[in-house]
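These are the residues of each chain, in order.
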Amino acid sequence: MGLQAKPYLQRITALFGDDIDWERHPYSVPAVRNLESISFHPDVTFFIGENGAGKSTVLESIALALGFGIDGGNKNISLNTASERAPLQHALRLSRSFRTPRDGYFFRAESFHNVSTHMDELWERDSASAESLHARSHGEAFMAVLLNKFKGRGLYLLDEPEAALSPNRQLAALTAIHQLVEEESQFIIATHSPILLAYPNAKILLFDGTGISEVAYEDTEHYSVTRDFLNHYPRRLEQLLKPE
Ligand SMILES: Nc1ncnc2c1ncn2[C@@H]1O[C@H](COP(=O)(O)OP(=O)(O)OP(=O)(O)O)[C@@H](O)[C@H]1O
Ligand SMILES: [Mg+2]
């Protein structure tokens, strides 16, 4: 068996001490309480699950453990405007490849605006013709980062990238992600998007009340609920909107 460069981040293992207060956030979240280890796909690992299931909490603590700033961006950015909410990163042990990624980015929709301001400053320095990210819409700015700033051979953590993207742009994002994967990149993506989740070279991890488990694309609610709704929406609307 040969040495594999990817995944750059192979596994995280939780080592919880005896002093943990299981009643308090983030340990009260079932996906965190039951977290033993997560093994990552060399290409793409998706985190899915209900709102509040703990996806952002775990993604953020991985990002912090890897050395990203709490606001996201690349590792040169440390704005510290977002409040640090999880002490979880200190309990994570990271297993990494012998090869260090050359590029990296932690995308969070909520602080992308602040990070863009900072990137504008850096970007202007490295290319005179680059347009300001602020002269673009939210989705355009994110696509510009995905297409122009992600260089390949990178480890990219994205929290709900679809929040900014139209359905067509989500399809374009699949193409961009695939190209970066072919250029030896690894992604970890928290998402609710049934489009992004269809990416085939991926592992889907479902966060729920019992912990974290792997599921197949067609067994996700994202796939079945969306498909059912689109196929039967007049009836589903009747059921959903009927008077009490
Ligand atoms: N600072 C905090 N203090 C206490 N509880 C918190 C804090 N931050 C988040 N939580 C709680 O932790 C749980 C997990 O939140 P998290 O943001 O990780 O969910 P998520 O899976 O990313 O959800 P979504 O799909 O809505 O983004 C939620 O119940 C949330 O209310
Ligand atoms: Mg979240």
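Anything mentioned here points back to the structure above.
Everything numeric in this text was worked out from a predicted model, so none of it was measured.

About the criteria used
- Starting from 1, residues in each chain are numbered consecutively following that chain's sequence as written.
- Chain letters and ligand numbers both follow the written order, the letters beginning at A and the numbers at 1.
- Reporting in this predicted model follows two pLDDT cut-offs: at least 70 for local features of residues, and 80 or more for side-chain atom pairs to be given and counted; totals over whole chains, interfaces and linings ignore these cut-offs and use all residues.
- Only hydrogens and water are set aside; all other atoms, that is, all heavy atoms of the structure, feed into the side-chain values.
- For this description, a residue counts as near a given molecule or strand if any of its non-hydrogen atoms is within 4 Å of it.
- We call two N or O atoms a polar contact when they sit within 3.5 Å, provided that within protein one can donate a hydrogen and the other can accept it, with sequence-adjacent residues counted only if both atoms are side-chain atoms.
- Surface accessibility follows the Shrake-Rupley procedure with a 1.4 Å probe radius. Residue values consider only the protein chains on display as shielding.
- Note on residue classes: Ala, Val, Leu, Ile, Met, Phe, Trp, Tyr, Cys and Pro are nonpolar, Asp, Glu, Lys and Arg are charged, and everything else, Gly too, is polar.
- We call a set of buried residues a nonpolar core when its members are Ala, Val, Leu, Ile, Met, Phe, Trp, Tyr or Cys and they connect through side-chain atoms within 4.5 Å of each other.
- A 1.4 Å probe rolled over the protein chains alone gives each residue an accessible area, and that area as a share of the maximum for its type sets the label: buried under 20%, exposed over 50%, partly exposed in between.
- The helix count covers DSSP runs of H or I at least four residues long, the strand count covers runs of E at least two residues long, and both are numbered beginning at the N terminus.
- Two residues qualify as a contact provided that any one of their heavy atoms is within 4.5 Å of a heavy atom in the partner residue.
- The sign given to each residue is positive for Lys and Arg and negative for Asp and Glu; His and the chain ends receive no count.
- Note on definitions: salt bridges are taken to be side-chain nitrogens of Lys or Arg within 4 Å of carboxyl oxygens of Asp or Glu.
- Whether two strands pair comes down to DSSP finding at least two bridges between them.
- Here an axis means a line fitted to C-alpha atoms, over the contact stretch when the element is a helix, while the angle between two N-to-C directions is reported on a 0 to 180 degree scale.

A. Region of interest: the site of ligand 1. As a structural note, the neighbourhood of ligand 1 is formed by 13 residues, with Gly52, Lys55, Ser56, Thr57 and His192 the closest of them. Asparagine 51 is positioned with one of its side-chain polar atoms (N or O) 2.9 Å from an oxygen atom of ligand 1. Within the side chain of histidine 192, an N or O atom sits 2.9 Å from an oxygen atom of ligand 1. Relative to its unbound accessible surface of 640 Å², ligand 1 loses 61% to contact with the protein. Here the shell around ligand 1 is composed, by residue class, of 2 nonpolar, 7 polar and 4 charged.

B. Examining the nonpolar core more closely. Leu9, Ile38, Phe40, Phe47, Val58, Ile62 and Leu157 are the most contacted members of the largest nonpolar core, which has 29 residues in total. Within the residue set of this core, elements represented by two or more residues are strand E1 (9-14), helix H1 (30-33), helix H2 (55-66), strand E6 (154-159), strand E7 (186-190) and strand E8 (202-208). Examining the composition of this core, we find that 5 residues originate from one element, H2, more than from any other. When neighbours within four sequence positions are excluded, phenylalanine 47 is seen to be in contact with Ile38, Phe40, Lys55, Val58, Leu59, Ile62, Ile188, Ile189, Ala190, Thr191, Leu205 and Phe207. Core analysis: the next-biggest nonpolar cluster, separate from the first, contains 28 residues, Leu146, Ala176, Leu180 and Ile189 among them.

C. Region of interest: the side chain of aspartate 159. Along the polypeptide, aspartate 159 turns up in strand E6. Of the side chains with opposite charge, arginine 108 lies nearest to the buried aspartate 159, which makes no salt bridge, at 5.2 Å. Only 2.6 Å separates the side chain of aspartate 159 from the side chain of serine 56, close enough to count as a polar contact. Apart from the residues lying within four places of it in its own chain, the contact partners of aspartate 159 are Ser56, Leu59, Phe107, Arg108, Ala109 and Ala190.

D. Summary view of the sheet that holds strand E4 (residues 92-96). Strand order in the open sheet made by the 3 strands is E2-E1-E4, with antiparallel pairing throughout. Every other strand in the sheet has two partners, leaving strand E2 (37-39) and E4 as the edge strands with one partner each. On average, adjacent strands in this sheet sit at an angle of 15° to one another, irrespective of strand direction. Pairing of E1 with E2, which is carried by 3 bridges, proceeds in the antiparallel orientation. Its bridge partner being in E2, arginine 11 is matched across the sheet by serine 39. With respect to the sheet, H2 is in contact with E1, E2 and E4, its orientation differing from that of E4 by roughly 65°.

E. Here's a closer look at the sheet that holds E6. Here 6 strands make up an open sheet; going across it, the order is E5-E6-E7-E3-E8-E9 and the pairing mixed. At either end of the open sheet lies a strand with only one pairing partner, and these are strand E5 (103-108) and strand E9 (211-215). Shown here is a sheet whose adjacent strand axes are inclined to one another by a mean of 15°, direction ignored. In this structure, E6 lies alongside E7, joined through 5 bridges in parallel fashion. Bridging across to E7, leucine 158 finds its partner in isoleucine 189.

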